[in-house]
Amino acid sequence: MRRTLLAALAAALLPRPAPASPWTLPRGQVAFISTFDFEVADEEYLDDDLLEGDARPFPLRGRYRAATYTASARFGITDRFELEVALPVKQVTYTSDPVILLPAPEGADGLDYYQENVVDLSQSVVGLGDLRVAGRYQLFRGFITGALELGLESPTGYDPPSGTFGDRPTSREAFLADVGRFVTPENVRDDVTLGDGSFTVAPGLLLGWAGARGTFARLDASYAIRLGGAAHALRGAFKVGQRVFDRFVLFAGLAAEYAVTDGEVIGISVSAADPALPARDYGGTTNLMLREVRLEHDRLTLPVGAIVRVTRDVEVNVAYQRTLGGRNTASIQGFSVGVGLRTSLLDP
């Protein structure tokens, strides 16, 4: 029995990307989880299907960095129903070489013109990410444990994503018709943001199995109904874990998100036909590749990691995550450290 409870608790305290658990907390129990995530990327997936396209380098030696601290808490309301609240604080940074995209018009002062028209796509933002609230009701408990979940995700006032030079225009033709108006340093927006700016309602089903020898398996599936022009999406995650020795659990799995509707166009994304071309050789707009970017993405990721049981009620989670494929997303390598503490609000 102790081994089964250890596996169940390990599955319950996993930090993102799949913190939900079919093992709901008993009435009066509270779990506090603090997670720090660090993500890096220098490649991206563009418009190919989820598993068909290869990642390509960001143009102009671009590099993406993100650091997130997430504080969350789970509350056992009854023996079958729990609530979770999670709020992330994020810093997202994109850096790249500055470039001049428009040639100087005839008669212009060359030095002054180039000083005023150097385009730097480097951006950085700091602030609160999406607030997440979820309720879970355990349907059955036994050889297989199952629960229903209803998750809500809400933006917290940050600027939503847009095209490279803003959310207007929304077509290649309109962009090319007045390229000199849009391609200016003051219009640089890109998609460095703290979230996708959409309110999401995500009903889901959670299934889990915990064996007597310290093995557990998890399967989560949900349908994300995203408002504000974002594409609806199917989400799923599968994880397996095994206890080794007395205080360690190793785990691995897969997580996926797949857009099933079309998102609205949020501007023109300016990428590069040859992403390896250095800034000095651009010579105007000939290397630009224009994309009508939509508020949608697909992603397949591989998480692996370990859980260390420090005490009966305290666990530390260390994980690594790699993007295996996607569309409209960066090829991310992520590292996370999470600490979970479980306690009771009721008298022993």
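The coordinates are above.
Residues numbered from 1 in each chain as written. Predicted model: local features only at pLDDT ≥ 70, side-chain atom pairs only at ≥ 80, totals over all residues. Heavy atoms only, no water.

### Quick word on the overall build of the chain
Assigned secondary structure in the chain consists of four helices and 20 strands. Counting contacts in the chain only where the partners sit at least 6 residues apart, residues at least 24 apart contribute 69% of the total. Roughly 16900 Å² of accessible area belongs to the chain as shown, and the carbon and sulfur atoms make up 58% of that amount. (Helix = DSSP H or I, 4+ residues; strand = E, 2+ residues; numbered from the N terminus. Contact = heavy atoms within 4.5 Å. Areas by Shrake-Rupley, 256 points an atom, 1.4 Å probe, with all protein chains shown as cover.)

### Here we look at the nonpolar core
Within the largest apolar cluster, 29 residues are counted, with the highest numbers of intra-cluster contacts made by Tyr-64, Phe-165 and Phe-175. Of all the secondary structure elements, the ones that give two or more residues to this core are strand S4 (63-76), strand S5 (81-95), strand S15 (265-272) and strand S16 (288-294). Considering every element that reaches this core, the biggest residue donor is S15, with three residues. Among all residues touching Phe-165, those that are not within four sequence positions of it are Leu-101, Val-119, Phe-175, Phe-182, Val-183, Thr-184, Asn-187, Val-188, Arg-189, Ile-268 and Val-270. Grouped together as the second largest cluster of nonpolar side chains are five residues, Phe-216, Val-249, Phe-251 and Ala-319 included. (Core = buried A, V, L, I, M, F, W, Y, C linked by side-chain atoms within 4.5 Å. Buried < 20%, exposed > 50% of the residue type's maximum accessible area, 1.4 Å probe, protein only.)

### Side note on the environment of Tyr-64
Take Tyr-64: it is sitting in strand S4. Separated by 31 residues in sequence, Tyr-64 and Thr-95 place their C-alpha atoms 6.7 Å apart. Polar side-chain contacts of Tyr-64 include one of 3.3 Å to the side chain of Glu-39. (Polar contact = N/O pair within 3.5 Å; in protein donor to acceptor, adjacent residues only side chain to side chain.)

### Re the pattern of salt bridges
According to the stated counting rule, one finds 17 salt bridges in the structure shown. One salt bridge connects Arg-235 with Glu-153, and the closest N-O pair in it is separated by 2.8 Å. With Arg-235 in strand S13 (residues 233-244) and Glu-153 in strand S10 (residues 145-154), this residue pair connects regions lying 82 residues apart in the sequence. What makes Glu-153 buried here is its relative accessible area of 14%. Shared partners join several salt bridges into a network, and the residues in it are Arg-74, Glu-82, Glu-84, Arg-132, Arg-136, Glu-149, Glu-153, Arg-235 and Glu-257. (Salt bridge = Lys/Arg side-chain N within 4 Å of Asp/Glu carboxyl O.)

### What to know about the sheet that holds strand S3 (residues 56-57)
Strand order across the open sheet formed by three strands is S3-S2-S19, with antiparallel pairing between neighbours. Strand pairing shows two members of the sheet lacking a second neighbour, S3 and strand S19 (329-330), which therefore form its edges. Across two bridges, the pairing between strand S2 (residues 43-45) and S19 is antiparallel. In the sheet register, Tyr-45 faces S19, and the bridge partner there is Thr-329. (Pairing = 2+ DSSP bridges.)

### What about unusual backbone geometry?
With omega at 0 degrees, the peptide bond leading from Arg-168 into Pro-169 counts as cis. Positive phi, normally seen in glycine, also occurs at Phe-245, with a value near 55 degrees. Of note, Phe-245 is situated in the loop between S13 and strand S14 (248-259). One non-glycine residue, Asn-328, lies in the positive phi region at around 55 degrees. Within the fold, Asn-328 resides in the loop between strand S18 (314-327) and S19.

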